[in-house]
Amino acid sequence: MNINQPAPPGVPYGQPQPGYAGYQSSYGGQPGPMVPPSPYGAYNGPMPGYHQLPPPGMPRAPPSSGTPPASTTARVPSGQSAYGQFGQGDVQNGPSSTVQMQRPPVSQPFVPAPVASLVSQPAAFQPYGPPPTGAQVTTQMAGMQISGPAAPPPSGLGYGPPPTSMASASGSFQGSNLYGSYPQNLAPPTSLTQAHPGAQTPQRSTPMQASSFPPSAAGGPRPPSITGPSMSGQSFGVPPVSQSNHASSPPPQAQPPVPGPPGPPPPMHSSQPGYQLQQNGSFGPPRGPQPNYGGTYSGAPNFASQPGPPQPPPPKRLDPDSIPSPIQVIEDDRNNRGSEPFVTGARGQVPPLVTTNFLVKDQGNASPRYIRCTSYNIPCTSDMAKQAQVPLAAVIKPLARLPPEEAPPYVVDHGESGPVRCNRCKAYMCPFMQFIEGGRRFQCCFCSCVTEVPPQYFQHLDHTGKRVDFYDRPELSLGSYEFLATVDYCKNNKFPHPPAFIFMIDVSYNAVRSGLVRLLCEELKSLLDFLPREGGAEESAIRVGFVTYNKVLHFYNVKSSLAQPQMMVVSDVADMFVPLLDGFLVNVSESRTVINSLLDQIPEMFADTRETETVFAPVIQAGMEALKAAECPGKLFLFHTSLPIAEAPGKLKNRDDRKLLNTDKEKTLFQPQTGFYQSLAKECVTQGCCVDLFLFPNQYVDVATLGVVPHHTGGSIYKYTCFQVESDQERFLSDLRRDVQKDVGFDAVMRVRTSTGIRATDFFGAFYMSNTTDVELAGLDGDKTVTVEFKHDDRLSEDSGALIQCALLYTSCAGQRRLRIHNLSLNCCTQLADLYRNCETDTLINYLAKFAYRGVLSSPVKTVRDALVSQCAQILACYRKNCASPSSAGQLILPECMKLLPVYLNCVLKSDVLQPGAEVTTDDRAYVRQLVTSMDVAETNVFFYPRLLPLTKVPVESTAEPPAVRASEERLSKGDVYLLENGLNLFLWVGASVQQSVVQSLFNVPSFSQITSGLNALPVLENPLSKRVRDLIDSFRAQRSRYMKLIVVKQEDKLEMLFKHFLVEDKSLSGGASYVDFLCHMHKEIRQLLS
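Residues numbered from 1 in each chain as written. Predicted model: local features only at pLDDT ≥ 70, side-chain atom pairs only at ≥ 80, totals over all residues. Heavy atoms only, no water.

Looking at the overall build of the protein chain
Point 1. For the protein chain, the count of helices and strands is 22 helices and 28 strands.
Point 2. Within the protein chain, the fraction of its 1091 residues that count as buried is 64%.
Point 3. Counting only contacts in the protein chain whose residues sit at least 6 apart along the sequence, the fraction spanning at least 24 positions is 77%.
Point 4. Here the protein chain has roughly 37700 Å² of accessible surface; of this, 52% comes from carbon and sulfur atoms. (Helix = DSSP H or I, 4+ residues; strand = E, 2+ residues; numbered from the N terminus. Buried < 20%, exposed > 50% of the residue type's maximum accessible area, 1.4 Å probe, protein only. Contact = heavy atoms within 4.5 Å. Areas by Shrake-Rupley, 256 points an atom, 1.4 Å probe, with all protein chains shown as cover.)

Next up, the structure:
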């Protein structure tokens, strides 16, 4: 076949197509569906675009191009198992070639697929050798159009697993709204699975030159071998070798024959010249093709037509084991960098990955727990930065919590004179300032201005030009430290009062009926003893107040001198005021009995309420006015249940409209429906009033609008859809305890200064900005990050590097005004290779996700997705063009530190914000969009690529965490139990063939069938396995900022669809590509840019 041949009539993947934002295509000339019509369309009836599924057993004609809708799967006659001859235990879950599935015979005589004439070049096979460090992941992915007949995939083979005995196959699970009982995002439900080992006979390795490999992961023939240097242990296009997380694959020598008509025996690997041995496992059997991102399919373009005569199976597809594995990269980094402490002395050091446990020793640069950068070596010129397209950004977490082994930042008190600063740019004293003239002056490292050293700060220099008190002063020797602020740094030049917490409780019918009000009042009685306190203080300085509300507001006087609390009602919500000052905000220990009496009375007072309507904005106004009257900053804890439709300022209407999906108006769903809340948020920030919102909706509440004030004040949102005390109380109470007890900085302002040559131009996170430089936060806790993007405004020099200083001015929980300073020095480069060698993919993905999630407010989702793909293709094409050694265009070459960019980017593209499944609500998307905006790098890492751990592979005595496996259905073994977590959700998946003893040990029932699906807690049993699994769940929860509710999922149960949503390497039901297909698509995009 010839590169210059015309393409078949389908639209190639890269062009805009209807439906799947930029990637959906059509079948048989009919327009593909915009959104799958039912949550899991293809399981039930014919899908739009197909006239009829071919009957089981008949081969399918491949589509002309484009993504198959939702999840085109083969049907399994009901009652038949989808797992066949592999027996019990370690079998890969996924479409296995079972006898029952009546697939066309697989081991038919192999006719080399009619790949039209190959370009005649000798195949470049490379013997197995040590991987070169250039990490040239070479795949033979040439973007060729394949014409002429090609083999259709056998019915169902590459099309995702058959949903055996799927309860209510249409799949809308009542009550298990994705974020409902479990908040969540993530790669949409994925059910892409490759054929099981043995599902196809391996094809002989025909010598194939690189450019004969189609970019589509879908129908065309695949080259069986690899050319070019392999990426450190990762070469593409070859079957795997005994991967530890791969369920027992057959030995590499000869493949077991597949049941079916006799054909030629499978070829022996040993005799094939073209197979390259893999470091990560034996030669696995090839897998079936995987239609998804429409590359160019060959063969019959019409799904509606009758299938033709059976044709030989196509040659094998790109092997998932031969492409970069996140699990392998994480494991390698842990082994290489987990044992040594990370010492921050040197400039521009790339820290270990966020998934590695390591200790930090501060020797002049801020710990990566406070600041992580997309690159630690930045281009010297803006032209070079534009060419590479790598965003220059820092993810800053100013109040990050440190592990117990690391000391918190030292507090420096300079007395009334305050911190020493540069006269011109006002940067704070730091290790990079240069002392001159015997120590009497210092030159600013940010703006080069020379400033006199105040007499009380003077110190002599040693023979190297360092001050002799260098090691005694944290601000001269450490990257992070705090200064006590003087009165000049306070509002109105007055020291602040300690902050206050106001609990504002919705007592409408929904809140009372669900049991929420009673549960909350009961919990607050004990929780108030654990308010945050400073250092060794005996009790917290924070005062508390209480408000209940429905259509009107009730304020409570809980003054310690009263025998009983007093209630005051404000019914004029249009003009909100606080009816009492004295007795509203009180010290907990002084008013303990009155508070307890109030908390006992609230549930009884409103037990018989019939009021269903609520207000919302006036509640925030009331809290803000109370803080204003008390002249203190503080936090409002709002517990709210429904859309505020009562007549009042900030009244909302139900505007949820699924018809807007995939239209230009979709962006309005993410925007607040009124500007009222923006101005309310601004007033709150001015007052230092932070709002944390706990939502308990049973239907649409317009999170996009209600979330505006929490978002702009630096607060948090928690959402418990269809809240039920029995199943959700543990999650809610755990979140509430953590939220009330965590340290918060109030009334905060953050500014980021940079050395000459770059400047901060853009900011992402939960905050408010009234000018272009100051990030204002009514509250900031240890979980929140602010992401800052930098742009060049001048040339940088390799010698001096680049500096960043983040200064946060805030009020502590005790009412003390402080400055926290973080400094970081980066290298600068004139060679692109140095930039690519010092990037951090996890941080890059964090930035790209936030950039995209902000983009959906102003642009159609499709535009945002296309821009992401385009930018990443440019980053990788620039590397290929300028840094990689010359090689065939058919090879995909990725930089070593960015080899996971495609897999992680695909997870972002498939996330519910950018590509929702039919079951994802508008509120869920707005909720996740806000959560991700202030996540740190560790949180986005596990959020977009969940952790999946097999639980029975490791000895029970072992205390180590079991090694993770890749997030793909292929990796699941029927005989095992897996734990999956993404920071918001926690699933325990139980395979259908799991051993009886394991079932008994974990669930205390004798068989798999008796396990209750959807269980939210494991029984506490006295046996090693039960204890180990429960300990593991506890340790996962301890690592995350929100409580993850457990859901037990049985294989082939209806909840399994929800679980598969998180297997992000697979194709998703909402049209998202599998990792393999997306990698092929990225390669095609890169080649287009290079040509």
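Quick notes on the layout of surface pockets
Point 1. Of the voids in this model, the largest pocket is the one considered here, and its volume is about 1500 Å³.
Point 2. Along its surface, the largest pocket is lined by 48 residues, and V354, N357, A938, Q1039 and R1040 are the ones closest to its centre.
Point 3. Broken down by secondary-structure element, the contributors of at least two residues to the lining of the largest pocket are α2 (326-337), β3 (371-373), α18 (937-944), β25 (947-950) and α20 (1024-1039).
Point 4. If one sorts the elements of the lining of the largest pocket by residue count, α18 sits on top with 5 residues.
Point 5. The wall of the second largest pocket is formed by 31 residues, among which L399, R401, P408, D743 and R820 lie closest to the centre.
Point 6. Counting residues per element, the ones that place at least two in the lining of the second largest pocket are α12 (725-741), β19 (744-754) and β24 (817-829). (1 Å grid on protein atoms, 1.4 Å probe; cavity = no way out; pocket = protein on both sides within 12 Å on 5 of 7 lines; lining within 4 Å. Points joined across faces, edges and corners; volume = space filled by probe spheres on them.)

Comments concerning a nonpolar patch on the surface
Point 1. On the surface, M567, V569 and M605 cluster together into a nonpolar patch covering about 260 Å² of accessible area.
Point 2. Overall, the relative accessible area of 40% leaves M567 in the partly exposed class. (Patch = residues over 30% accessible without salt bridge, like charges linked within 9 Å, V, L, I, M, F, W, Y side chains within 5 Å. Salt bridge = Lys/Arg side-chain N within 4 Å of Asp/Glu carboxyl O.)

Side note on the packing of aromatic side chains
Point 1. In the structure shown here, the tally under the stated rule is 33 aromatic pairs.
Point 2. Where F616 meets Y677, the ring centres are 6.0 Å apart and the plane angle is 45°; that geometry is what we call tilted. Pair noted here: F616 is in the loop between α7 (592-605) and α8 (617-630) and Y677 is in helix α9 (residues 676-687), with a separation of 61 residues, a long-range link.
Point 3. According to the relative accessible area criterion, F616 is buried, its value standing at 1%.
Point 4. Centroid distance Y720 to F723: 6.5 Å. Interplanar angle 80°. Geometry classified as edge-to-face.
Point 5. With a relative accessible area of 6%, F723 lands in the buried category.
Point 6. The positively charged end of K719 is found above the aromatic ring belonging to Y927, 5.5 Å away from the centroid. (Phe/Tyr/Trp six-rings, centres within 6.5 Å; stacked < 30°, edge-to-face > 60°. Lys NZ or Arg CZ within 6 Å of the ring centre and 35° of its normal.)

Focus: the pairing of strand β26 (residues 977-981)
Point 1. Counting buried residues in β26 gives 5 out of 5 residues, a clear majority hidden from the surface.
Point 2. Taken together, the 4 bridges between β25 and β26 define a ladder with antiparallel strand orientation. Bridge pairing in β26 links L949 to L979.
Point 3. Where β26 meets strand β27 (residues 985-990), 5 bridges bridge the pair, whose relative direction is antiparallel. Bridging from a neighbouring strand, Y978 pairs with W989 of β27. (Pairing = 2+ DSSP bridges.)

Overview of the packing of α8 against α9
Point 1. At their nearest, the axes of α8 and α9 sit 10 Å apart, and the two run at 20° to each other. With respect to α9, the axis of α8 lies roughly parallel. As α8 packs across α9, the resulting crossing turns out to be left-handed. Judged by residue contacts, A617, I620, Q621, M624, L627 and K628 of α8 engage F676, Y677, L680, E683, C684 and Q687 from α9.
Point 2. Of the residues assigned to the contact of α8 with α9, the class counts are 8 nonpolar, 2 polar and 2 charged. (Axes fitted to C-alpha atoms, helices over the stretch in contact; angles between N-to-C directions. Parallel < 35°, antiparallel > 145°, perpendicular 65-115°, else oblique. Left-handed = near helix turned anticlockwise from the far one by under 90°. Nonpolar A, V, L, I, M, F, W, Y, C, P; charged D, E, K, R; others polar.)

Comments concerning empty space enclosed by the protein
Point 1. Summed over all chains, the structure comprises 15 cavities of 30 Å³ or more.
Point 2. Lining the largest cavity are 23 residues; nearest its centre among them are L931, S934, M935, S1041 and R1042.
Point 3. Those elements that place two or more of their residues in the lining of the largest cavity are β18 (717-719), α17 (922-933) and α18.
Point 4. If one sorts the elements of the lining of the largest cavity by residue count, α17 sits on top with 3 residues.
Point 5. For the lining of the largest cavity, the per-class residue count stands at 8 nonpolar, 8 polar and 7 charged.

A look at the state of the cysteines
Point 1. Applying the stated rule across the entire model yields 0 disulfides.
Point 2. You can see C449 has no disulfide; the closest cysteine sulfur is in C422, sitting 4.5 Å from it.
Point 3. Of the residues examined, C449 reaches a relative accessible area of 14% and is grouped as buried. (Disulfide = S-S within 2.5 Å.)

Thoughts on the sheet that holds β26
Point 1. Overall, mixed pairing links the 4 strands, which are arranged β25-β26-β27-β28 in an open sheet. The open sheet terminates on both sides in strands that have one partner only, identified here as β25 and β28 (1045-1050). This sheet shows a mean twist of 20° between the axes of neighbouring strands, independent of strand direction.

Some remarks on the pattern of salt bridges
Point 1. Across all of its chains, the model carries 48 salt bridges by this definition.
Point 2. Put simply, D469 and R467 hold a salt bridge, and the shortest N to O gap is 2.9 Å. Across the pair, R467 and D469 agree in class, each one buried.
Point 3. A salt bridge links E534 to R818; its shortest N-O distance comes to 3.2 Å. Of this pair, E534 sits in the loop between α6 (516-527) and β12 (543-549) while R818 is found in strand β24, placing the two residues 284 residues apart along the sequence.
Point 4. E534 sits in the partly exposed class, given a relative accessible area of 23%.
Point 5. A residue is classified by how much of its surface remains accessible, and R818, at 15% relative accessible area, is buried.
Point 6. A single salt-bridge network, built from bridges that share partners, covers R401, R738, D739, K742, D781, D783 and K784.

Side note on the nonpolar core
Inside soluble globular proteins, nonpolar side chains tend to come together where they are buried.
Point 1. Ranked by internal contacts, the top residues of the largest apolar core, which has 116 residues, are L553, F555 and L914.
Point 2. Residues L516, L531, V588 and V725 belong to the second largest nonpolar core, which totals 43 residues. (Core = buried A, V, L, I, M, F, W, Y, C linked by side-chain atoms within 4.5 Å.)

A closer look at the environment of K850
Point 1. Relative to the helices and strands, K850 is located in helix α14 (residues 841-855).
Point 2. The exposure class assigned to K850 is buried, which follows from its relative accessible area of 2%.
Point 3. With 86 residues separating them in the primary sequence, K850 and F764 have C-alpha atoms 6.9 Å apart.
Point 4. The contacts of K850, once residues within four sequence positions are left out, are V395, F764, T785, T787, V932, T933, S934 and M935.
Point 5. A distance of 2.7 Å separates a polar atom in the side chain of K850 from the backbone oxygen of M935. (Polar contact = N/O pair within 3.5 Å; in protein donor to acceptor, adjacent residues only side chain to side chain.)

Observations concerning the confidence of the model for the protein chain
Point 1. The predicted model of the protein chain has a mean per-residue pLDDT of 79, with 71% of residues at 70 or higher.
Point 2. Low pLDDT, under 50, characterises residues 1-177; the stretch is placed with 502 contacts to residues that sit more than four places away or in other chains.
Point 3. Confidence drops under pLDDT 50 across residues 180-308; counting only partners more than four residues distant or on other chains, this segment forms 502 contacts. (pLDDT = per-residue confidence, 0-100.)

Structural notes on the sheet that holds strand β8 (residues 441-443)
Point 1. With antiparallel pairing, the 3 strands of this open sheet are ordered in space as β7-β8-β9. Looking at strand neighbours, the two that pair on one side only are β7 (434-436) and β9 (450-452), the edges of this open sheet. Neighbouring strand axes in the sheet, compared pairwise and without regard to direction, differ in orientation by 30° on average.
Point 2. Summarising the sheet, β7 and β8 pair through 3 bridges and their orientation is antiparallel. From the neighbouring strand, F435 faces β8, where its bridge partner is F442.

Concerning unusual backbone geometry
Point 1. Positive phi outside glycine occurs at E631, with the angle close to 55°.
Point 2. Look at E631 and you get partly exposed, because its relative accessible area is 48%.
Point 3. Although it is not a glycine, C722 sits at a positive phi angle of roughly 50°.
Point 4. Tracing the chain through its elements places C722 in the loop between β18 and α12.
Point 5. Here C722 falls in the partly exposed class, since its relative accessible area comes to 34%.

As for the packing of helix α16 (residues 901-909) against helix α22 (residues 1075-1090)
Point 1. Between α16 and α22, whose axes approach to 9 Å, the crossing angle comes to 110°. For the element pair α16 / α22, the angle class is roughly perpendicular. Contact residues: α16 offers P902, V903, L905, N906 and L909, while α22 offers Y1075, F1078, L1079 and M1082.

Considerations on the environment of K651
Point 1. Position of K651 relative to the elements: it lies in the loop between β16 (634-640) and α9.
Point 2. The sequence separation of K651 and P618 amounts to 33 residues, and the corresponding C-alpha distance is 9.7 Å.
Point 3. Leave out the neighbours within four places in its chain, and K651 touches P644, I645 and A646.

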